[in-house]
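A structural walkthrough
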Amino acid sequence: MLRIDEGSTRHWLLRLLGFAVITFIVVWVPTQMSSSRIGQFTDAFILMIAAMSLNLVLGFTGQISIGHSAFFGIGGYTAAILIKDHGWSPGYTFYAAAVVAFVVGCVVALPALRIRGIYLALVTLAVAVLFPTLVRWKKLAWLTDGSKGMDSVRYEDVPVWPILGELKGREGRAVFMFWLGLIVVVATYLVCRGIVKSRFGRALVAIRDNETAAAVMGVNLTTTKVLVFGVSAALCALGGVLSTLKSGVITPDGQYVTLLGSIVFLLVMIVGGAGTLWGPIIGGLVYVWLDNTTRDIGTSDSGILGALFGWADQSPATLILGLVLVVIMFAAPYGLVGLAKRLGRKVVVIVPRPVGSSTPR
Amino acid sequence: MSLLEVRALSAGYGPVEVLHGIDLDVDHGEMVVILGANGAGKTTTMRAVSGMIGRSGSVTFDGVDITRTNAEKLVGMGIAHVPQGRGTFPDLTVMDNLRVGAYARSGGIAADIDRWFAVFPRLAERRDQRAGSLSGGEQQMLAIARALMSHPKLLLCDEPSLGLAPLITQEVFEVLKKLNADEGLSVLLVEQNANLALKVAQRVYLLETGTVVASGSAAQIASDDAIRKAYLGA
């Protein structure tokens, strides 16, 4: 077992190594892989953003939300409406979507001030169910185009960025969406990290751990909860914008816009590790990988899986995915990040700074 | 004028009234203990004073009427509450618990943390541990240190001996007594362990089903045979 002092040269080298590995993967994927693979990574980015936003309210503040699919949809629809009806350039819709979702998020937070646990889950569930219905509503069809949804809201010609150079055609768009997605993921991560490590972030965890004690320490429960819901909704909407720009379409029963979306976000967050910064990132990668791998199983009759599932009319993808997730939850009740931390401690231990050295004298 | 003046305070939970108009004072630099059986309304009194539950009557703190002020504001005004059962944040580290304690103010926080680490050396050793991994006694110390981070004039301490071994309880009381004597910190204490509380406090209120049935100096109460028999077990 390796023992490394926190803040020592070796600790920094270890961090640098981690950073280098991530950078390598991030450059390797869009330059060396097929555009469908690149697209899968962008899908993972979209899930990461949504799961990170959910993590802020659920993982760190302990306020359960099953309504995040609505925030996701609000982001997607804001982008679609602004691009189609108002001729906005797609890039700017990120900001607008974040603002709209922030306001809606703050309003949805109001019930969270009075109720908690399963009751809050039910209220947010209602939001998730309500959103697609609202979008389909005839009287709103002038805005949302009703159940047929909106299409061709993607980048027609992707902007030319330095380094990337000119990107053309479907392949070019896939590469561009990958980089755009990565930027949003990194931005979302930095916002979450900034919040969690700050005074505001400590207040969030304090509310999760003991609401009463947080209040008597001077934490304003109302402001804190409303703000965190607003920020979370805004971040989730960024995922929605990205998803719409990638596929070019959004419908009331589109991917992650319905209640199912909220469940997937929840799953990604918990499988990755709730209340950790990296959990949703790992969770997003694992979920998309599992989803794409299991999808093809059972379509051919060969092999063990074919023998096992060949009798089924439908692809057993959902069944296998569900089983794998159950196994993961048994093996890693604190998520994959929790598991990695536990196993990692057997190999490398980061020794915290000795007592009395945190405050400069 | 007293630091804390409570007049005709009534409070409860929903339709149930627990306190039926109590009067209570805490002077500057005084340590006052509220004694009483389970269900007498001790914890309710604390919650009503710190603004966590609805109340009627009047509460004046440092000359300001705080009857309508909410809990978060009171922290900034100088009332710190150590809730019953400690209420530390188990998933935050010891350091971060203390930082949350200073939530209502800013500046000089690191120096304050060092100061309370000097008073509670055990906490310094465990600074980077999750509060949930501390022992009961350490958690109680942490809860007190955390409350002190807000620079209170009045510390409300709700049954610090709960679930602690007698020796640890004594340690906690030593600290409270020291803070009271050396720093002039006013303390309002709720306690079941009457004998110990009478040794450290200057004045006593005896609470029974939501009303004050007796009050006086600690020495008076301790020597009153009738009270001793009824409340303190001979």
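What follows deals with the overall build of chain B. Summing up its helical and strand segments, chain B has ten helices and ten strands in all. In terms of C-alpha radius of gyration, chain B reaches 17 Å, essentially the compact-globule figure of 17 Å for 234 residues. When its C-alpha atoms are laid out on the principal axes, chain B stretches across 50 × 40 × 35 Å. Across the 234 residues of chain B, 46% fall into the buried class. Considering only intrachain contacts with a sequence separation of at least 6, the fraction spanning at least 24 residues in chain B is 66%.

Before going further, it helps to examine the overall build of chain A. In terms of helices and strands, chain A carries 15 helices and two strands. Over its C-alpha atoms chain A spans a radius of gyration of 22 Å, differing by no more than 12% from the 21 Å that the globule rule assigns to 361 residues. Principal-axis analysis of the C-alpha atoms gives chain A an extent of 65 × 50 × 50 Å. Classification of the 361 residues of chain A by burial places 43% in the buried group. A separation threshold of at least 6 residues defines the contact pool for chain A, and within that pool the share at least 24 residues apart is 73%.

What follows deals with the sheet that holds strand β9 (residues 203-208) of chain B. All names here are of chain B. Spatially, the six strands line up as an open sheet ordered β6-β7-β8-β3-β9-β10, and their pairing is mixed. Each edge of the sheet is formed by a strand with only one pairing partner; in this case those strands are β6 (79-82) and β10 (211-217). Strand after strand, the sheet turns through a mean of 15 degrees between neighbouring axes, direction not considered. Packing against the sheet, helix α1 (residues 42-49) makes contact with β3 (31-36), β6, β7 (154-158), β8 (186-190) and β9, and its axis sits at approximately 150 degrees to β7. Those strands touched by helix α6 (residues 136-148) are β6 and β7, and its axis lies near 165 degrees from that of β6.

Glancing now at helix α8 (residues 199-209) of chain A. Given 3.6 residues per helical turn, the α-helix brings residues three or four places apart onto the same face. With nine of eleven residues buried, α8(A) lies mostly within the body of the structure. Restricting attention to buried positions, one finds in α8(A) the residues Gly201(A), Arg202(A), Ala203(A), Leu204(A), Val205(A), Ala206(A), Ile207(A), Arg208(A) and Asp209(A).

Residues and elements named next belong to chain A. Per-chain confidence: chain A averages 88 in pLDDT, with 93% of residues scoring 70 or above. Element-level pLDDT for chain A is lowest in helix α13 (residues 303-309), with a mean of 68, against a maximum mean of 96 in helix α10 (residues 221-247). Below a pLDDT of 50 lies the segment residues 357-361, which in the model reaches three contacts outside its immediate sequence neighbourhood of four places, other chains included.

To continue, consider the sheet that holds strand β4 (residues 55-61) of chain B. All names here are of chain B. If you trace the four strands from one edge of the open sheet to the other, you get β2-β1-β4-β5, paired in antiparallel fashion. Strands with a single pairing partner mark the edges of an open sheet, and in this sheet they are β2 (16-26) and β5 (64-65). Taken together, the six bridges between strand β1 (residues 4-13) and β4 define a ladder with antiparallel strand orientation. Paired with Arg7 across the bridge in β4 is Ser58. Here α1 sits on the sheet in contact with β1, β2 and β4, set at roughly 70 degrees to β2.

This next bit is on the pairing of β7(B). All names here are of chain B. The buried count for β7 comes to five of five residues, which makes it a mostly enclosed element. Burial along β7 is two-sided: Leu154, Leu156 and Asp158 facing one way and Leu155 and Cys157 facing the other are all buried. Both β6 and β7 contribute to a ladder of four bridges, which runs parallel. Residue His81 lies in a different strand from β7, and its bridge partner there is Leu156. Pairing geometry for β7 and β8, over five bridges, is parallel. For Asp158, the partnering residue across the bridge sits in β8 and is Val190. Handedness of the crossover joining β7 and β8 through helix α7 (residues 166-183) is recorded here as right-handed.

Okay, unusual backbone geometry next. Residue and element names in this part refer to chain B. Even without glycine at this site, Ala8 takes up a positive phi of about 50 degrees. Tracing the chain through its elements places Ala8 in strand β1. The phi dihedral of Arg86 is positive, around 75 degrees, even though this residue is not glycine. Position of Arg86 relative to the elements: it lies in the loop between β6 and α3 (94-101). A count of 26 C-beta atoms within 10 Å places Arg86 in the buried class.

Of all hydrophobic cores here, the largest spans 164 residues; its most connected members are Ile49(A), Ala101(A) and Ala237(A). Those residues in contact with Ile49(A), other than ones at most four positions away along the chain, are Val184(A), Val185(A), Thr188(A), Leu235(A), Leu238(A), Gly239(A) and Leu242(A).

Attention now goes to α10(A). Residue and element names in this part refer to chain A. Between its first and last C-alpha, α10 extends 39 Å over 27 residues, near the 39 Å set by a 1.5 Å rise per residue. In terms of residue burial, α10 counts as a mostly covered element, since 22 of its 27 residues are buried. Taken from the residues just after α10, Gly248 is the one with a positive phi, measuring 85 degrees.

What counts, and where the lines are drawn
- The numbering scheme is per chain: residues are counted from 1 as the chain's sequence reads.
- Whichever chain is written first becomes A and whichever ligand is written first becomes 1, with later ones labelled in order.
- Reporting of local features is limited, given that this is a predicted model, to residues whose pLDDT is at least 70; pairs of side-chain atoms are given and counted only at 80 or more, and all residues count toward the totals for whole chains, interfaces and linings.
- Under the DSSP-based scheme used, a helix requires at least four consecutive residues in state H or I and a strand at least two consecutive residues in state E, with every element numbered from the N terminus.
- The globule rule used here is 2.2 Å times the number of residues to the 0.38 power, and the radius of gyration it is set against is calculated over C-alpha atoms.
- Put simply, a residue is buried when 20 or more other C-beta atoms lie within 10 Å of its own C-beta and exposed when 12 or fewer do; between those, it is partly exposed, and each C-beta is set from the backbone.
- We call two residues in contact when their backbone-placed C-beta atoms lie within 7 Å.
- Two strands are said to pair when DSSP picks up at least two bridges between them.
- In this analysis, axes come from line fits to C-alpha atoms, helices being fitted only over the stretch in contact, and the angle between any two N-to-C directions falls in the range 0 to 180 degrees.
- The score called pLDDT rates the predictor's confidence residue by residue, from a low of 0 to a high of 100.
- Crossovers are described as right-handed under a simple rule: with the strands pointing away from the observer, the path leading from the first strand over the helix to the second runs clockwise.
- For this entry, the nonpolar core is defined as buried Ala, Val, Leu, Ile, Met, Phe, Trp, Tyr and Cys residues connected by C-beta atoms within 7 Å.
- What a helix should span is 1.5 Å times the count of its residues minus one.

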